[in-house]
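Structural overview for review
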Amino acid sequence: MANLPIVQFEDKILDTVEKHPVVVIIGQTGSGKSTQLSQMLHRKGYSKSGIIAVTQPRRVAAVSVSRRVAQEMDVPLGEEVGYAIRFEDRTSEKTTIKYLTDGVLLRESLSNPELNQYSVIILDEAHERSLNTDILMGLMKRLIKLRSSNLKVLITSATLDGEKVSRFFSNCPVLNVPGKLFPVNILYTPEKPLSYLESALETAMAIHVKEAKGDVLIFMTGQDDIEKLVKKLEERVQSLEEGSCMDAIILPLHGSLPPQMQVRVFNPPPENCRRFIVATNIAETSLTVDGVVFVIDSGYVKQRQYNPSSGMYSLDIVQISKVQADQRAGRAGRTGPGKCHRLYPSRYYNEEFIDATIPEIQRSSLAGTVLYLKSLDLPDIDILKFDFLDPPSSDSLEDALKQLYLIDAIEDDGTITSIGRTMAELPLEPSLSRTLLEANNYGCLSQALSVAAMLSAETSLFPGKSKKRKDRDQDHDHHDPVLPNGSGFGDHIQLLQIYDLWDEHDFDVKWCKDNNLQVRGMLFVKDVRKQLSQIMQKMERKERRGRKERDFDLYTKLRKALCVGYANQLAERMIRHNGYKTMGFKSQLVQVHPSSVLEADEEGMFPNYVVYHELIATTRPFLRNVCAVEMEWVRPILSKLEKVDVKKLSGGSHQPAAEEAKESLLPGKDEAIIIAKPAAADDDPQSRIQAAKDRFLARKGKK
Ligand code: ADP
Ligand code: MG
């Protein structure tokens, strides 16, 4: 390891850390930040007074890097070196170096606000600007004041603007670790190709046939196009004449790959063999693959964005930023001079690419985050002045407040409720936490746990389900022989039925295979369910099992609970079309996603009201995972909607001077929330609510 750039700076780093509570360390990808810093601090003795924590925005990175460090220290993973990611904890009493996702560290701080178990906290990959790392930066700023004598905070990044972070932390020192990067020759295409996938394929084959040895790293956008390209590359390589060029191995690399497949990219290739690694942006900075000489950059990345004014998520393939393009190119110059083929003209890079990626906090739903901040019990925390490196928009804060109010997590004056506090302790999104609590009241917790676990699977459980039903029926190899259909109530009930059926088959793996369910995903669901159940038990909410009740009654109870949890995700069928309109603050015309099992009745009518798990724009806006609900359950939500006064919710009546209001973005525990932006006349919530009420009463009158 001695040749890693960061190791040569060990003394300087340790010396600076010794003298300062917060240090920013900037070093190129592959310089050893993630794997070496923790070990240096451990050698220096920092692990004697507490655990050394290293956060990662990505689950895969936490697992992969901890595995590597355990290997280097020659200890079994899970003992001295371990990791913790949501729903999976591989640490023990012995653990002194702990890799964990930023989300897990946030959650830990709920039960232990001072994070006393840690002597060092390294916020790694800060350049990713993940929502959770951004929140952690704000929290660390407070924590180092409280624990000035026994906590060290390191913030590391490959590209981050060090000055900005340094200013944020009262001008803390910034260490730059110079890495040796060999020159990378950048080649552009004259025009944008019609298909980046085909273009990547041709470029890769050209490299393979013409160039000297060296691995090829290809940046695609997601699992789908990675799998396509891997398959095409395999075919093309096979069709080459025997002995005409060196052998080739083609390896995919993305977040939902099983761990044993992920580690394959770290194994050195056999002699006289070229590796093609087809990856998502995970290989930009999170994971370093050695041996790469050629990079092929599609110029795209898949990004999830949330639009607070419509409540809609979209998963878009968007152009990367200049910073990302440079990171990708840099991957070619680690071991010697390299080449980067950009599958776009230079004018795109210069004129169209934005400079830096937009931080996640500015493109996410903040309901979970606002609830989290409200539930923190730090004695002196003044959330009103919560300090963000880049603040979120007031639109997205308003959106979060309204959602939290509708699901009873905050009072109409913005203070957190006891329901809200309990919800914050569950490692689930607010809608599902609320559903579990309500289900507990109705005596259908067991069923709700199964649904929440199924919805929390990190991978797709039904590889065939994304297809349209029509195509599925025609596709004889892939028909679903025995899978239940949700009994007409929709996808949540189907998820429950599938889980119950698997339970009846004693959780047999073969049963999953026979039914085209993804085995690894289903095993994960079972484990998640168990963990959620344990957390609920700790809160003295026990599953009542074995009570004989008709399925139908249970489904009704569960749907009722879902209606409460998803109060902000409610849609009403439109009279003429078989489409839906979302209810609440902004209405949208949407369709139920074709993969849904929700069915029209004999008259071709869909249910009048549904709740949905996700509103996502692909080719057009779709509701994904929907469940039919009844009008009488919807009524209380409408009356609550009627009462919502964003000004009050955001503490408008206590509004101080305008200057102060600008930086006052988040509500304090005892203080009201102030949001500076006045509601525009045309989207005045009152008039919209009145309109919704009128429509509702008109319909009621018709019946
Ligand atoms: P940084 O965080 O600065 O980008 P890392 O500490 O992740 O750098 O990586 C340093 C070196 O360790 C790289 O050369 C990388 O290839 C190697 N490495 C990291 N993780 C693994 C792993 N799981 N297996 C093998 N090598 C690894
Ligand atoms: Mg790293």
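What comes next concerns the included structure. Computed from a prediction, not measured in an experiment: that's the story for all the values here.

This part takes up the overall build of the protein chain. Within the protein chain one finds 26 helices and 21 strands. Buried residues in the protein chain amount to 56% of all 703 residues. For the protein chain, contacts bridging at least 24 residues in sequence account for 75% of all contacts bridging at least 6. Only carbon and sulfur atoms are counted for the fraction: they give 48% of the accessible area of the protein chain, which is about 31,200 Å².

A few words now on the site of ligand 1. Near ligand 1 there are 15 residues, and of these Gly30, Lys33, Ser34, Thr35 and Asp290 occur at the shortest range. Separating an oxygen atom of ligand 1 from a backbone N or O atom of glycine 32 is a distance of 2.9 Å. When ligand 1 sits alone it has 560 Å² of accessible area, and the protein chains cover 92% of it. Elements with a minimum of two residues in the shell around ligand 1: helix 2 (33–43) and helix 3 (59–73). No other element matches the three residues that helix 2 contributes to the shell around ligand 1. Its residues assigned to classes, the shell around ligand 1 shows two nonpolar, nine polar and four charged.

For the rest of this paragraph, the subject is the coordination of the magnesium ion (ligand 2). Distances from the magnesium ion (ligand 2) to its protein donors, Ser34 (OG) and Glu125 (OE), fall at 2.0 to 2.5 Å. Taken as a pair, serine 34 in helix 2 and glutamate 125 in the loop between strand 6 (118–123) and helix 5 (131–146) lie far apart in primary sequence, 91 residues in all. For the residue pair serine 34 and glutamate 125, the accessibility class agrees, reading buried in each case.

Following the criterion strictly, the structure yields 27 salt bridges and no others. Between lysine 232 and glutamate 198 there is a salt bridge; the shortest N-O distance is 2.6 Å. With a gap of 34 residues between them, lysine 232 in helix 8 (residues 223–239) and glutamate 198 in helix 7 (residues 196–210) connect regions that are remote in the sequence. A relative accessible area of 29% places lysine 232 in the partly exposed class. Given a relative accessible area of 34%, glutamate 198 falls into the partly exposed group. Note that glutamate 284 and arginine 328 form a salt bridge whose closest N and O atoms lie 2.9 Å from each other. Placement of the pair is glutamate 284 in helix 10 (residues 282–285) and arginine 328 in helix 11 (residues 322–330), with a sequence separation of 44 residues. The residues glutamate 284 and arginine 328 share a single accessibility class, namely buried. Here the salt bridges share partners, and the residues they tie into one network are Arg129, Asp134, Lys164 and Asp390.

Attention shifts here to the sheet that holds strand 3 (residues 81–85). The strand order across the open sheet built from eight strands is 4-3-5-2-6-7-1-8, with neighbouring strands paired in mixed fashion. Two strands bound the open sheet, and with one partner strand each, they are strand 4 (88–90) and strand 8 (174–177). Each neighbouring strand pair of the sheet contributes to a mean axis angle of 20°, computed without reference to strand direction. Packing of helix 2 onto the sheet brings it into contact with strand 1 (22–27), strand 2 (51–56), strand 5 (97–101), strand 6 and strand 7 (152–157), and relative to strand 5 it is tilted by some 145°. This element, helix 5, spans strand 1, strand 2, strand 6 and strand 7 of the sheet and lies at about 145° to strand 6.

To continue, consider the environment of isoleucine 52. Structurally, the position occupied by isoleucine 52 is in strand 2. Residue classification places isoleucine 52 among the buried residues on the basis of a relative accessible area of 0%. Distance from isoleucine 52 to glutamine 117, taken between C-alpha atoms, is 8.9 Å for residues 65 residues apart in sequence. Setting aside residues no more than four positions away along its own chain, isoleucine 52 makes contact with Ser38, Leu41, His42, Tyr46, Ser47, Thr96, Ile97, Lys98, Ser119, Val120 and Ile122.

This part takes up the sheet that holds strand 12 (residues 273–279). As summarised here, the arrangement of the six strands in space is 9-16-13-10-12-11, forming an open sheet in which the pairing is parallel. Bordering the open sheet on either side are strand 9 (184–188) and strand 11 (247–253), each of which pairs with just one other strand. Each strand of the sheet is rotated relative to its neighbour by a mean of 15°, with strand direction disregarded. Across the face of the sheet, helix 7 comes into contact with strand 10 (215–219), strand 11, strand 12, strand 13 (292–297) and strand 16 (338–342) while running at roughly 160° to strand 13.

It is worth spelling out helix 1 (residues 10–19) at this point. Along helix 1, the positions that sit buried rather than exposed are Glu10, Ile13, Leu14, Thr16 and Val17. End-on view of helix 1: buried residues confined to an arc of 165°, all on one side of the axis. Opposite its buried face, helix 1 presents the exposed residues Asp11 and Lys19, each directed more than 90 degrees away. In this fold, the buried residues of helix 1 make contact with strand 1, helix 2, strand 7 and strand 8.

Bringing the packing of aromatic side chains into the picture now. Under the defined criterion, the tally for this structure stands at 12 aromatic pairs. With 5.0 Å between their ring centres and 50° between their planes, tyrosine 344 and phenylalanine 353 make a pair best called tilted. Classification of tyrosine 344 by relative accessible area gives buried; the value is 1%. Relative accessible area serves as the criterion here: at 5%, phenylalanine 353 is assigned to the buried category.

Where helix 4 (residues 102–111) contacts helix 5, the two axes come as close as 9 Å, and the packing angle between them is 40°. Regarding the angle of helix 4 to helix 5, the classification is oblique. Crossing hand, helix 4 versus helix 5: left-handed. Side by side, helix 4 and helix 5 meet where Asp102, Gly103, Leu105, Leu106 and Ser109 of the first sit next to Asn132, Thr133, Ile135, Leu136, Leu139 and Met140 of the second. A breakdown of the residues in the contact of helix 4 with helix 5 according to their chemical character gives six nonpolar, four polar and one charged.

Moving on to the nonpolar core. The biggest cluster of nonpolar side chains holds 115 residues, and the ones touching the most others in it are Ile121, Met137, Met140, Ile155, Phe169 and Leu436. Listed in part, the 29 residues of the second largest apolar core include Ile13, Val69, Val75 and Leu77.

With that settled, consider the pairing of strand 21 (residues 621–629). With two bridges joining them, strand 19 (residues 589–592) and strand 21 adopt parallel strand pairing. Its bridge partner lying in strand 21, glutamine 591 is registered against phenylalanine 622. Note: strand 20 (residues 609–617) against strand 21, eight bridges, orientation antiparallel. Pairing of isoleucine 616 across the sheet is with phenylalanine 622, part of strand 21. Here strand 20 hands over to strand 21 after three residues, the two strands then running antiparallel side by side.

Right, let's get into unusual backbone geometry. A positive phi angle, near 50°, is found at arginine 129, a position not held by glycine. Its place among the elements puts arginine 129 in the loop between strand 6 and helix 5. Residue class for arginine 129 comes out buried when judged on its relative accessible area of 9%. Even without glycine at this site, serine 170 takes up a positive phi of about 40°.

With six of six residues buried, strand 1 is to be regarded as a mostly interior element. One ladder, built from four bridges, connects strand 1 with strand 8; its direction is parallel. By the bridge assignment, isoleucine 25 is partnered in strand 8 with leucine 175.

Analysis parameters
- Throughout this document, residue positions are counted from 1 along each chain, in the order its sequence is written.
- Working convention: letters from A go to chains and numbers from 1 go to ligands, in the order in which they are written.
- In view of the model being predicted, local features appear only for residues whose pLDDT reaches at least 70, and side-chain atom pairs are presented and counted only at 80 or more, with totals across whole chains, interfaces and linings using the full set of residues.
- Processing note: side-chain calculations cover all non-hydrogen atoms of the structure and skip hydrogens and water entirely.
- For the purposes of this entry, the term helix denotes a DSSP run of H or I that reaches at least four residues, the term strand denotes a run of E that reaches at least two, and both are numbered from the N terminus.
- Note on classification: 1.4 Å probe, protein chains only; a residue is buried when its accessible area is under 20% of the maximum for its type, exposed when over 50%, partly exposed between these limits.
- In what follows, a contact means two residues having at least one pair of non-hydrogen atoms within 4.5 Å.
- Computed with the Shrake-Rupley method and a 1.4 Å probe, the accessible areas treat only the protein chains shown as cover for residues.
- When at least one non-hydrogen atom of a residue lies within 4 Å of a molecule or strand, that residue is treated as near it.
- For the purposes of these results, a polar contact is taken to be a pair of N or O atoms within 3.5 Å, where, inside protein, one atom must be able to donate a hydrogen and its partner to accept one; residues adjacent in sequence count only when each atom of the pair is a side-chain atom.
- Each residue is assigned to one of three groups, with Ala, Val, Leu, Ile, Met, Phe, Trp, Tyr, Cys and Pro labelled nonpolar, Asp, Glu, Lys and Arg labelled charged, and all others, Gly among them, labelled polar.
- Counted as donors are the N, O and S atoms within 2.8 Å of the metal, or 3.2 Å for Na, K and Ca, while water is not among the atoms, so some sites may look incomplete.
- What makes a salt bridge here is a side-chain nitrogen of Lys or Arg within 4 Å of a carboxyl oxygen of Asp or Glu, nothing more.
- DSSP calls a pair of strands paired once it identifies at least 2 bridges connecting them.
- Axis lines are fitted to C-alpha atoms, over the contacting stretch for helices. Their N-to-C directions set the angle, which ranges from 0 to 180 degrees.
- What the arc covers is the set of directions going from the helix axis to the C-beta atoms.
- The aromatic pairing rule takes the rings of Phe, Tyr and Trp, using the six-membered ring of Trp, and pairs them if the centres are within 6.5 Å, calling planes under 30 degrees apart stacked, those over 60 edge-to-face and the rest tilted.
- Any angle that is under 35 degrees is reported as roughly parallel, and any over 145 degrees as roughly antiparallel; angles of 65 to 115 degrees are reported as roughly perpendicular and all others as oblique.
- Helix crossings fall into two classes, left-handed where the near helix is turned counterclockwise from the far one by less than a right angle and right-handed where it is turned clockwise.
- Residues enter a nonpolar core if they are buried and are Ala, Val, Leu, Ile, Met, Phe, Trp, Tyr or Cys, with the set joined through side-chain atoms within 4.5 Å.

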